[in-house]
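Commentary on secondary and tertiary structure
Read off the chains here:
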Amino acid sequence: MQQWPQSETLSVDNDDGWLTIRLNRPAHRNAMSRQMTAELTKTLMLARPDASLRGIILRGTDGTFCAGGDLAEFKADFQSATPDHADIEAASRAAGQLFHTLNTMPQLTVALVEGAAMAGGLGLMCACDISVATRDAKFALTETTLGIPPAQIALYVRSRAGLSVARTLMLTAPRFDAIEAQRLGLVSTVVEDAAALDTEAQKIQTQLRRCAPGAVAATKSVLLDDDDAEAQIDRAARAFAKCILSEEGREGIAAFFEKRPPSWAQEFSQ
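Here is what the cut-offs are and how they apply
- Residues numbered from 1 in each chain as written.
- Predicted model: local features only at pLDDT ≥ 70, side-chain atom pairs only at ≥ 80, totals over all residues.
- Heavy atoms only, no water.
- Pairing = 2+ DSSP bridges.
- Helix = DSSP H or I, 4+ residues; strand = E, 2+ residues; numbered from the N terminus.
- Axes fitted to C-alpha atoms, helices over the stretch in contact; angles between N-to-C directions.
- Contact = heavy atoms within 4.5 Å.
- Buried < 20%, exposed > 50% of the residue type's maximum accessible area, 1.4 Å probe, protein only.
- Core = buried A, V, L, I, M, F, W, Y, C linked by side-chain atoms within 4.5 Å.

1. Observations concerning the sheet that holds strand β1 (residues 10-15)
Spatial strand order, β1-β2-β3-β4-β6-β9: six strands in an open sheet with mixed pairing. Since the sheet does not close on itself, it has two edges, and those belong to β1 and β9 (189-191), each with one partner. For this sheet, the mean inter-axis angle between neighbouring strands, taken without regard to orientation, is 20°. Docked against the sheet, helix α1 (residues 34-47) engages β1, β2 (18-23) and β3 (55-59), running at close to 175° with respect to β2. Taken strand by strand, helix α4 (residues 120-127) contacts β2, β3, β4 (108-113) and β6 (130-134), and its axis lies near 140° from that of β4.

See the structure below:
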């Protein structure tokens, strides 16, 4: 039986061929730190060749799916007195590899969403095959309000919702609920509460057991054929690094922590 690595940011459980991975940084609303990105990628890579696994569930802890990237870490690591441009690009590439790995897993992947799925958290959801959200879940692609682009997740949001919707969500950063997320094609199913998430997950598991694992993997491979993934990850990493080191990127993240509008928002309101 596969031994899952010890993790400070995840909890992992294998129950009868279904792997449940919980993002486990509740004090940070399960925000994606560099450590979480590395640990989640490692866990998925270990699961990838495991023929005993039929599916993978990704969910949060303490009533929240994922608040996005860890902005405190961004500020400390990427906007220090002597920021390392190459290190920023490497961190963005690592995130890109995570989303690509999740998107191309041979097993069925299911995101169970409650609370918030913001920015990179929404990206994680879009990289899964199926997404189920509670009615009170909240969503937004907030990156541009912080002066940075949704670089590594853009491909997955566009793939899920289409170019027109992706443009609106990324360029104007509206906040929306689960019903609207389902209308836009981002969420597969909306349920009433957390207990109903478990019921829906059981239903999906029952349906999947009618399907041959090899055929599921082959079907995903055909659907997701993309020879340009590495180039896309590199382009996104360069764009992210450029923006987070820019005056706008510094101002946007500073404004977030100072709980004030960034300068461009203030100028608009005057």
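2. Remarks on the sheet that holds strand β8 (residues 175-177)
The three strands lie next to each other as β5-β7-β8, forming an open sheet whose pairing is mixed. Single-partner strands in this sheet number two, and they are β5 (116-118) and β8. With strand direction ignored, the average angle separating the axes of adjacent strands in the sheet is 20°. Alignment of β5 against strand β7 (residues 138-140), held across three bridges, turns out to be parallel. Residue alanine 116 lies in a different strand from β7, and its bridge partner there is lysine 138. Running at roughly 95° to β5, α4 makes contact with β5, β7 and β8 of the sheet.

3. Considerations on the pairing of β6
Where burial is concerned, most of β6 is hidden: four out of the five residues are buried. Relative to β6, β4 is paired through four bridges, and the arrangement is parallel. Among the inter-strand pairings, alanine 111 is bridged to a residue of β6, identified as serine 131.

4. Points about the pairing of β4
Judged by how many residues are buried, β4 sits mostly within the fold: six of six residues are covered. Residue alternation in β4 divides its side chains into two sets, Leu108, Val110 and Leu112 and Thr109, Ala111 and Val113, and both sets are buried. With five bridges connecting them, β3 and β4 associate as parallel partners. From the neighbouring strand, leucine 58 faces β4, where its bridge partner is alanine 111.

5. Let's talk about the nonpolar core
Membership of the largest hydrophobic core comes to 47 residues, with the highest contact counts inside it found for Leu124, Met125, Phe139 and Leu186. No other element matches α4, which puts five residues into this core. Core analysis: the second largest hydrophobic core is formed by 13 residues, Leu146, Ala241, Ile244 and Ile253 among them.

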